[in-house]
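Structural characterization, general
For reference, the chains in residue letters:
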Amino acid sequence: MQVDESAAVGTGAPSRAVRDFEAGLVRRKVMVYVCQAVFGIVFLAFWQWASGRLIDPFFVSSPSAVFGKLYTWLMNGELYRHLSITLYATAIGFIIGSTIGFAMGLLFGKFAFLAEVLDPYITALYSIPKLALAPLFIIWFGIGIESKIAVSASIVFFVVFLNTFSGVREVNPIYIHATQIMGASQWGVMRTVIIPSATAWVITGLKVSVPYALVGTVIGEFMSSNRGIGFIIAQATGLFDTNSVFAGIIILAVVGAIINSILKATEGWLLRWRA
Amino acid sequence: MAGAAISIDGVDKRYIGRGREVVALDHVSLEIEEGEFVAFVGPSGCGKSTLLNMIAGIIPMTSGSIMHEGRKVTAINRHVGYLTQADSVLPWRTVEQNVGLPLEYRGMPAAQRQKRVAEMLALVDLKGFDKAFPKELSGGMRKRVALAQMLAYGPDTLLMDEPFGALDAQLKLVMQQQLLRIWQEQKKTIVFVTHDLAEAIALASRVIVFSGRPGKIKYVEEIKIPYPRDVFKVRFLREFETAYDNLWRELSPEIAKGEDL
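Residues numbered from 1 in each chain as written. Chains lettered and ligands numbered in written order. Predicted model: local features only at pLDDT ≥ 70, side-chain atom pairs only at ≥ 80, totals over all residues. Heavy atoms only, no water.

Let us now look at the interface of chain B and chain A. Contact residues are listed per partner, giving 34 residues for chain B and 27 residues for chain A. Carbon and sulfur atoms make up 66% of the surface buried where chain B meets chain A, a total of about 2,800 Å² over both sides. Seen at the junction of chain B and chain A, the total is one salt bridge. We note a salt bridge from Arg191(A) to Glu104(B), for which the minimum N-O separation is 2.9 Å. The tally of links from chain B across to chain A stands at eight residue pairs in polar contact (both at pLDDT 80 or more). Breaking the side of chain B that touches chain A down by element, the ones donating at least two residues are β6 (80-84), α3 (101-105), α5 (139-152) and α6 (169-186) of chain B. Top element by residues in the side of chain B that touches chain A is α3(B). It accounts for four residues. When grouped by side-chain class, the residues that make up the side of chain B that touches chain A number 21 nonpolar, four polar and nine charged. (Contact = heavy atoms within 4.5 Å. Buried area = accessible area lost by both parts, 1.4 Å probe. Salt bridge = Lys/Arg side-chain N within 4 Å of Asp/Glu carboxyl O. Polar contact = N/O pair within 3.5 Å; in protein donor to acceptor, adjacent residues only side chain to side chain. Helix = DSSP H or I, 4+ residues; strand = E, 2+ residues; numbered from the N terminus. Nonpolar A, V, L, I, M, F, W, Y, C, P; charged D, E, K, R; others polar.)

Structural data, given as structure tokens:
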């Protein structure tokens, strides 16, 4: 008994209608990019024009001054020196926080009793603004990079932990039974069912937590440090150097946007099986 | 070992629901021979799926015992194939990764696995879809992936719980015919739960009617239609009509009983 269902999923060459449809999608995408660029240019132009005419540049600086500053930093190596330390602390904090969060999330998801016992404590810990821990971490780990790593790790940990935990609990029991009957061991079920199924949740957790990790590091740098983007901003603020403050803020904004787009691409690839 | 592939002996299932004890299955005994195609029919909630899940070892029984291929079922039964109405194909794996899954669990080397997967995909007419994700397939194709996956590791007993329930009427017939062909070629023992009498008669050599709560075996009908059968035509045979009349006579009061609850 042969039935051809291939037509239903379209394995043949694309028809004219399909090509037109896809070209339309591309055109729309291009339009979005163009408008985004125009918006940015208009904003910068207005800023440049208003600075000195409507508002004192002492408060708002100006794009030309800010980019001049950025250029100077780029050339004299200051940008690299400060940005690398901030990114390094963020990355290490992110890796530590998400690894522990993921492992604990799996563990709690697996042992419901443990989760139930510890639930109120976890809720209480979660409710603490993690930034309130920063001074404590500085006492514990000193003013070096370790305290910044600790701040960003503690923020990332909770987001990833809670998402992994929910992800594990949301696994469809049908998949678990079916794979067990097929011969899966405990680890087999974990590897082929629970982890991939929780991935959607975990990725969402990671996406939310990366900007937080950056924020955690920068806040740590605000409080006490001698290097890093947070340090530059704090120091410039002390000197009423708005050019440098804006330059620092712009670096953070760009870095945040880049990290986010990388995560988005990773998400798209990891979850390519989803409808 | 010849004789019974599955012997169910005095199985009870009771559970506590809303503060009172519910008897889902009441002392059910049944022998299923090797190579038999047995269908369970009955009103919803009669325990037919529960019994199937007990053979699979997913649900523990309150008392009694089930022997499968000479082994007592006490935990997850890894010697059966299991297929339900729900989509059990893993959405994050491609077709070939899904079909190869039970072989992966058994530690079969990749090269050998690949060969076996190709054979299975050919068996269920799914060649050329190896790299597709389940979301790219139709419901009927996903069902065939699940079927290939179940057959890949060669269990002698297949447990199926309304496997084609979610498919449209025509596709259902196609799948039934394919299942009959595979059953005959590979000499499997099949236990098939359905609420569709016509499906039960078209496929099975023996149809078991369960009564509503508490679940009991009420009636057994041997289907005298010789194999190989053509599921598209069986319903016009006299034997089909006789079996249908007998089964309906036994089943209809049970369904009415269920409605009164």
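This next bit is on the domain arrangement of chain A. Often, the extent of an interface is quoted as the loss of accessible area upon association of its parts. Once the domains are mapped, chain A shows domain 1 (6-50) and domain 2 (60-270). Here the C-alpha centre of domain 2 of chain A lies 31 Å away from the C-alpha centre of domain 1 of chain A. (Domains from an automatic or database assignment.)

The next thing to look at is the packing of aromatic side chains. All names here are of chain A. For the structure shown, the criterion picks out 22 aromatic pairs over all chains. Seen from their ring centres, Phe-58 and Phe-240 are 6.2 Å apart, and the 35° between their planes marks the pair as tilted. With a gap of 182 residues between them, Phe-58 in helix α3 (residues 57-60) and Phe-240 in the loop between α11 (229-238) and α12 (242-270) connect regions that are remote in the sequence. Here Phe-240 falls in the exposed class, since its relative accessible area comes to 61%. (Phe/Tyr/Trp six-rings, centres within 6.5 Å; stacked < 30°, edge-to-face > 60°. Buried < 20%, exposed > 50% of the residue type's maximum accessible area, 1.4 Å probe, protein only.)

Residue and element names in this part refer to chain B. Looking at where Ala-256 falls in the secondary structure, it is placed in helix α8 (residues 238-260). Ala-256 sits in the partly exposed class, given a relative accessible area of 40%. Spatially, the C-alpha atom of Ala-256 lies 28 Å from that of Met-61, the residues being 195 residues apart in sequence.

The next thing to look at is the pairing of strand β10 (residues 216-222) of chain B. Residue and element names in this part refer to chain B. For strand β9 (residues 206-211) and β10, the ladder comprises six bridges, and the chain directions are antiparallel. If you follow Ile-208 over to β10, its bridge partner there is Val-220. The hairpin formed by β9 and β10 contains four residues between the paired strands. (Pairing = 2+ DSSP bridges.)

Right, let's talk about the sheet that holds β10(B) for a bit. Residue and element names in this part refer to chain B. The sheet built from six strands is open, its strands ordered β6-β7-β8-β3-β9-β10 with mixed pairing. Here the strands that pair on one side only, and so sit at the sheet edges, are β6 and β10. On average, each strand axis in the sheet is inclined to that of its neighbour by 15°, with strand direction left out of account. Taken together, the five bridges between β6 and strand β7 (residues 157-161) define a ladder with parallel strand orientation. Bridging from a neighbouring strand, Gly-81 pairs with Leu-158 of β7. Against the sheet, helix α1 (residues 48-55) makes contact with β3 (37-41), β6, β7, β8 (189-193) and β9, and its axis sits at roughly 150° relative to β7, the strand it touches most. Packing against the sheet, α5 makes contact with β6 and β7, and its axis sits at approximately 170° to β6. (Axes fitted to C-alpha atoms, helices over the stretch in contact; angles between N-to-C directions.)

Let us now look at helix α9 (residues 173-181) of chain A. Residues of α9(A) that are buried: Tyr175(A), Ala178(A), Thr179(A) and Ile181(A). In a view along the axis of α9(A), the buried residues occupy a sector of 160°, so they form one face of it. Lining the buried residues of α9(A) we find α10 (186-223) of chain A together with β6 and α3 of chain B. One or two positions beyond α9(A), positive phi appears at Gly183(A), with a value near 115°. (Arc of directions from axis to C-beta.)

All names here are of chain A. Viewed as axis vectors pointing N to C, helix α2 (residues 16-50) and helix α4 (residues 63-76) meet at an angle of 105°, and their least axial separation amounts to 8 Å. Relative to α4, the element α2 is oriented roughly perpendicular. Residue-level inspection shows Leu-44, Trp-47 and Gln-48 of α2 in contact with α4, the latter providing Pro-63, Ser-64, Val-66 and Phe-67. (Parallel < 35°, antiparallel > 145°, perpendicular 65-115°, else oblique.)

Moving on: the nonpolar core. Core analysis: the biggest nonpolar cluster contains 111 residues, and Ile8(B), Phe37(B), Phe40(B), Leu51(B), Val99(B), Leu147(B) and Met160(B) have the highest contact counts within it. Of all the elements, α10(A) adds the most residues to this core, at ten residues. Residues in contact with Leu51(B), not counting those within four places in the same chain, are Ile8(B), Val11(B), Leu25(B), Val28(B), Phe40(B) and Phe210(B). Counting 17 residues, the second largest nonpolar core, distinct from the first, contains Trp47(A), Ile229(A), Val245(A) and Ile251(A). (Core = buried A, V, L, I, M, F, W, Y, C linked by side-chain atoms within 4.5 Å.)

We now examine the pattern of salt bridges. Residue and element names in this part refer to chain B. Under the criterion given, the structure shown has 17 salt bridges over all chains. The salt bridge involving Lys-233 is made with Asp-230; its shortest N-O contact spans 3.7 Å. Overall, the relative accessible area of 56% leaves Lys-233 in the exposed class. Take Asp-230: its relative accessible area is 29%, and that puts it in the partly exposed class. Arg-249 is the partner of Glu-250 in a salt bridge, and the nearest nitrogen-oxygen pair spans 3.6 Å. By relative accessible area, which is 47% here, Arg-249 ends up partly exposed. In the salt-bridge network here, residues are joined through shared partners; they are Lys-218, Arg-249, Glu-250 and Glu-254.

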